[in-house]
Amino acid sequence: MTDAATPPALFTTDDDGFHGHLKGDDWWFTETAWFAFHHAERRLGGWLYTMVRHNIGTVAGGAWVWDDTAHLPWEVPYSTNYSALQLPTDADLRDVTLPTGVSIRVEEPTLAYRLGYDDPGRFTAELRFAAVDRPRPLVASGSTFGRAAHFDQIGHVTGTVELHGETIEIDCWSMRDRTWGRRPEDRPRQAAYVTGAGEGGTGFLAVTNTRDGTDRVAYGFVQRGDGQIGLVEGERSVVRAPDGWIDEIRIDAIDADGGPFVATGRSVSRIVINRHSFIDINSLVRWRVETGNGEREWWGEDQD
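A. Spotlight on the overall build of the protein. Helix and strand counts for the protein stand at 0 helices and 19 strands. Here the protein has a C-alpha radius of gyration of 18 Å; the compact-globule value for 304 residues is 19 Å, and the two agree. Each principal axis of the C-alpha distribution contributes one length, and for the protein these read about 50 × 45 × 35 Å. Taken over 304 residues, the protein has a buried fraction of 55%. Of the charged side chains in the protein, 30 are positive and 47 negative, and the gap between their average positions amounts to 3 Å.

Spelled out as structure tokens, the structure:
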């Protein structure tokens, strides 16, 4: 393990737990755990999100579920966004049920997790996330996450959710991430977090920063089964509909071997999520990606 100012060179089984022992006296020391899921045919996306501030003993977050019927958080099928519930002093992220309703239990360290959510009659979830590969540390300090310890991991999400009495089977490839370190609320910037994944755990991540009207890729990777290669440069471009919402998205990038990566996507549903100082226009996206084996369809998100 390392101190909070130095991201780890690799992640271990200990990193499935909380990192409150690294908080020091930094008010802004923050820890997050995010899992995404979706049902493509229904254009339904979902999050289970946890944000902890160890120095003040609070947990924020909850669950969001949206489809193409609405985008405002008070109109989508489900939205909870707690800001400062009390974090139980004995909470262990390796096996925890939080006051936000989110539950996480490690099934296989750093690789497989049982996930839950409990708001009976409105939204409940029983899901399993199984990663395609072990987590790799963030290596780009110029990205949105700065010098915080951070990783992103593609996995197979299976199980069921119950939404207002209707049971919905979930079987998708999606993304999770984990972060711990300094995350102040007084750092306004424009950025995007873009994901896509498909059969066998193939997929990509592109984190972009906006400068002079251009969204440059600051960090990312392409996942091909259990092989991952970094993106070293690239650009995100968007086409907006007349009402201002993102309609089409394109990622043009170069990987570390000098090969091109191109993904074109269309937003099929969206939600406005306001998390502390972040306002995400978060779209569920259907991607078309050219690979060496022809065109593939992936699904993911564009957090604008």
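B. Molecular detail of the packing of aromatic side chains. All chains considered together, the criterion is met by 16 aromatic pairs. When the ring of Trp34 is compared with that of Tyr193, the centres are 5.7 Å apart and the planes differ by 85 degrees; the resulting orientation is edge-to-face. One end of the pair, Trp34, is in strand β1 (residues 29-39); the other, Tyr193, is in strand β12 (residues 191-197), and 159 residues separate them in sequence. Assigned by exposure class, Trp34 and Tyr193 land together as buried.

C. Summary view of the nonpolar core. The biggest cluster of nonpolar side chains holds 34 residues, and the ones touching the most others in it are Phe37, Ile104 and Phe123. Elements represented by at least two residues in this core include exactly β1, β2 (44-53), β3 (58-66), β7 (102-108), β8 (112-119), β9 (123-131), β10 (149-163) and β11 (166-182). Ignoring anything within four residues of it in the chain, the contact list for Phe37 reads Leu44, Gly45, Gly46, Trp47, Val65, Phe123, Leu127, Val157, Val161, Ile170, Cys172 and Ser174.

D. Expanded view of the environment of Tyr78. Of note, Tyr78 is situated in strand β4 (residues 78-79). Not counting residues within four places of it along the chain, the set of residues in contact with Tyr78 comprises Ala63, Trp64, Val65, Tyr117, Asp119, Arg122, Phe123 and Leu163.

E. Looking closely at unusual backbone geometry. Positioned with a positive phi, Arg43 is a non-glycine residue whose angle comes to about 55 degrees. Relative to the helices and strands, Arg43 resides in the loop between β1 and β2. Positive phi is not limited to glycine here, since His164 has a value of about 50 degrees. On the basis of relative accessibility, which here comes to 48%, the residue His164 falls in the partly exposed class.

F. Focus on the pattern of salt bridges. Scanning the entire structure with this criterion turns up 20 salt bridges. A salt bridge links Arg236 to Asp304; the nearest nitrogen and oxygen atoms lie 3.1 Å apart. Of this pair, Arg236 sits in strand β15 (residues 227-240) while Asp304 sits in the segment after β19 (294-303), and the two are 68 residues apart along the sequence. Judged by relative accessible area, Arg236 falls into the buried class, the value being 4%. Asp304 sits in the buried class, given a relative accessible area of 18%. Between Asp252 and Arg250 there is a salt bridge, and its shortest N-O distance comes to 2.6 Å. You can call Asp252 partly exposed: its relative accessible area is 29%.

G. The arrangement of the side chain of Asp16 in detail. Mapped onto the elements, Asp16 comes out in the segment before β1. With no salt bridge to any partner, buried Asp16 finds its closest opposite charge in Arg176, at an N-O distance of 4.4 Å. Non-local contacts of Asp16, meaning those with residues more than four positions away in its chain, are made with Leu93, Arg94, Val106, Pro109, Thr110, Tyr113, Arg176 and Arg178.

H. A look at the pairing of β10. Across 9 bridges, β9 lies against β10 in antiparallel orientation. Opposite Glu126, over in β10, you have Thr160 as the bridge partner. Counted along the chain from β10 to the antiparallel partner β11, the turn is 2 residues long, and its residue His164 has a positive phi close to 50 degrees.

I. View of the environment of Trp245. For Trp245, the position within the fold is in the loop between β15 and β16 (246-255). Distance in space between the C-alpha atoms of Trp245 and Val161 is 28 Å, their sequence separation being 84 residues.

J. Structural view of the environment of Gly116. Assignment of secondary structure puts Gly116 in strand β8. Considered as a pair, Gly116 and Trp66 are 50 residues apart in the sequence and their alpha carbons are 17 Å apart. Filtering out sequence-adjacent residues up to four positions away, Gly116 remains in contact with Leu48, Gly101, Val102, Ser103 and Ala125.

Cut-off values and rules
Every chain begins its residue count from 1, and numbering advances along the sequence as written. Where local features are concerned, this predicted model is filtered to residues with pLDDT of at least 70; where side-chain atom pairs are given and counted, the filter is 80 or more; whole-chain, interface and lining totals use all residues. Side-chain numbers here rest on the full set of heavy atoms in the structure, without hydrogens or water. Note on conventions: DSSP H or I runs of at least 4 residues are helices, E runs of at least 2 residues are strands, and numbering of each starts at the N terminus. C-alpha atoms define the radius of gyration, and 2.2 Å times the number of residues to the power 0.38 defines the globule rule. Each residue's exposure class comes from its accessible area (1.4 Å probe, protein chains only) as a fraction of the maximum for that residue type: buried when under 20%, exposed when over 50%, partly exposed otherwise. Counted charges follow a simple rule, with Lys and Arg positive, Asp and Glu negative, and His plus the chain ends left uncounted. By convention, the point assigned to a charge is CZ for Arg, NZ for Lys, CD for Glu and CG for Asp. Whether two aromatic rings pair depends on their centres lying within 6.5 Å, for rings of Phe, Tyr and Trp, where Trp uses its six-membered ring; planes under 30 degrees apart make the pair stacked, over 60 edge-to-face, and the rest tilted. The set of buried Ala, Val, Leu, Ile, Met, Phe, Trp, Tyr and Cys residues whose side-chain atoms join them within 4.5 Å is what this entry labels a nonpolar core. When checking whether two residues touch, look at their non-hydrogen atoms; a contact exists if any pair is within 4.5 Å. We define a salt bridge as a side-chain nitrogen of Lys or Arg found within 4 Å of a carboxyl oxygen belonging to Asp or Glu. Pairing between strands requires that DSSP locate at least two bridges from one strand to the other.

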